[in-house]
Amino acid sequence: MDHLETELDALKQRLLTMANHAETAVSQAIKALLERDDVLARQVKESDRVIDRFEIEIDDMGIGQLIKARLAADLRLVTVATKIAHNLERIGDEAAKIARRAVDLSGEQPITVQLDIANMASLALDMLKTALNAFGDRDPALARSVLPRDNEVDLFNMQTHRILAQFMVEYPDTIQRCLHWMVVSKSLERIADHATNIAEDVVYLCEGQDIRHTDAKKKRVNEILSR
């Protein structure tokens, strides 16, 4: 059991290292986008391969530990760790997608429309950091605090798409550039979704309660869609 505990701690530390890479990728992708830095954007695209390798490594570690685990808490930790790694890999994909759009946009004239991408990105990144801190500290209350904030990012995304759709109607020559920004907005919305998934997994890890697809969550989603 002492040997398994050491392995589980190594799994957790490896996951937190992966999480740091994913957070950095998102931060740098947004920085590259807003500062029109295509060199940094290309670096983010390359870093996605590192995050992919982390997921494979954590999956391999988890499979070996599932065979040895006997306690329900240990089984939950291994299961949750592999699920979080999958969400982090997807976050890395979204960061790379933003970076690709940053490269495309850096070679074009900026569009003259006010978008709140910086605040949207800040919120999505803060959700991710909070969810990961909740995992590191095994704090289900902190994890639950992430869930309602997903609504705010959803609203940002819908507002951004409305603004850009109207702008494309008025200025058809900006369509391609506006579509790039729509992809960025959608990627940030997906990052927030993955952060929410991680938070839900933390609640399951700590409390043994699966809160996905709950009535409360469905109600929040329906309220947004009805606006």
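Worth saying up front: this structure is predicted, and the values here are computed from it rather than measured.

**Student:** Break down the overall build of the protein for me, citing the residues and quoting the values.
**Tutor:** Regarding its fold elements, the protein presents 8 helices and 0 strands. Taking the principal axes of the C-alpha coordinates as reference, the protein spans close to 65 × 40 × 20 Å. Scored against the burial criterion, the 227 residues of the protein give a buried share of 45%. In the protein, once contacts between residues fewer than 6 apart in sequence are set aside, the share between residues at least 24 apart is 84%. For the protein, the exposed surface amounts to about 11,300 Å²; the carbon and sulfur share of it is 51%. Looking at charge distribution, the protein has the averaged site of its 30 positive side-chain charges lying 2 Å from that of its 38 negative ones.

**Student:** For the pattern of salt bridges, give the residues involved together with the corresponding values.
**Tutor:** All chains considered together, the criterion is met by 12 salt bridges. The shortest N-O distance in the salt bridge between Lys 186 and Glu 189 comes to 3.0 Å. Of the two residues, Lys 186 and Glu 189 both sit in helix α7 (residues 175-207), 3 residues apart, roughly one turn of that helix. For Glu 189, a relative accessible area of 8% translates into the label buried. Across the salt bridge formed by Asp 193 and Arg 190, the nearest N and O atoms sit 2.7 Å from each other. Within this pair, Asp 193 and its partner Arg 190 are both found in helix α7, separated by 3 residues, close to a single helical turn.

**Student:** Outline the environment of Leu 142, supporting the account with residue identities and numerical values.
**Tutor:** Counting through the fold element by element, Leu 142 comes out in helix α5 (residues 140-146). For the pair Leu 142 and Gln 65, spaced 77 residues apart in sequence, the C-alpha separation works out to 27 Å. Not counting chain neighbours up to four residues away, the residues in contact with Leu 142 comprise Thr 130, Asn 133 and Ala 134.

**Student:** Just give me the short version of the packing of helix α1 (residues 2-35) against helix α2 (residues 38-68), but keep the residues and values in it.
**Tutor:** One way to put it is that α1 packs onto α2 with a least axis distance of 9 Å and a crossing angle of 160°. It follows from the interaxial angle that α1 and α2 lie roughly antiparallel. The two elements α1 and α2 cross, and the hand of that crossing is left-handed. Partitioning the contact of α1 with α2 into residue classes produces 18 nonpolar, 7 polar and 6 charged.

**Student:** Can you lay out unusual backbone geometry for me, pointing to particular residues and giving the numbers?
**Tutor:** A positive phi angle, close to 55°, is found at Arg 36, a residue other than glycine. Structurally, Arg 36 is set in the loop between α1 and α2. Taking relative accessible area as the criterion, Arg 36 reaches 36% and is therefore assigned partly exposed. Its identity is not glycine, yet Arg 138 carries a phi of approximately 50°, on the positive side. Tracing the chain through its elements places Arg 138 in the loop between α4 (117-137) and α5.

**Student:** With reference to specific residues and values, describe the nonpolar core.
**Tutor:** Leu 15, Leu 88, Leu 188 and Ile 198 are the most contacted members of the largest nonpolar core, which has 70 residues in total. Mapped onto this core, the elements with two or more residues apiece are α1, α2, α3 (72-106), α4, α5, α6 (149-170) and α7. Tallying contributions element by element places α3 first for this core, with 14 residues. Ignoring anything within four residues of it in the chain, the contact list for Leu 88 reads Leu 15, Met 18, Ala 19, Ala 22, Ile 51, Leu 128, Leu 132 and Ile 198.

**Student:** Can you break down the packing of α3 against α4 residue by residue, with the values?
**Tutor:** Their axes nearest at 13 Å, the elements α3 and α4 cross at an angle of 160°. In terms of axis orientation, α3 runs roughly antiparallel to α4. When the axes of α3 and α4 are compared, the crossing they make is left-handed. Packed against α3, whose contacting residues are Leu 77, Val 80, Ile 84, Leu 88 and Ile 91, the element α4 presents Leu 128, Leu 132 and Phe 135 at the interface. Across the contact of α3 with α4, the residue classes tally to 8 nonpolar, no polar and no charged.

How each quantity is defined
- Residues numbered from 1 in each chain as written.
- Predicted model: local features only at pLDDT ≥ 70, side-chain atom pairs only at ≥ 80, totals over all residues.
- Heavy atoms only, no water.
- Helix = DSSP H or I, 4+ residues; strand = E, 2+ residues; numbered from the N terminus.
- Buried < 20%, exposed > 50% of the residue type's maximum accessible area, 1.4 Å probe, protein only.
- Contact = heavy atoms within 4.5 Å.
- Areas by Shrake-Rupley, 256 points an atom, 1.4 Å probe, with all protein chains shown as cover.
- Lys, Arg positive; Asp, Glu negative; His and termini not counted.
- Charge placed at Lys NZ, Arg CZ, Asp CG, Glu CD.
- Salt bridge = Lys/Arg side-chain N within 4 Å of Asp/Glu carboxyl O.
- Axes fitted to C-alpha atoms, helices over the stretch in contact; angles between N-to-C directions.
- Parallel < 35°, antiparallel > 145°, perpendicular 65-115°, else oblique.
- Left-handed = near helix turned anticlockwise from the far one by under 90°.
- Nonpolar A, V, L, I, M, F, W, Y, C, P; charged D, E, K, R; others polar.
- Core = buried A, V, L, I, M, F, W, Y, C linked by side-chain atoms within 4.5 Å.

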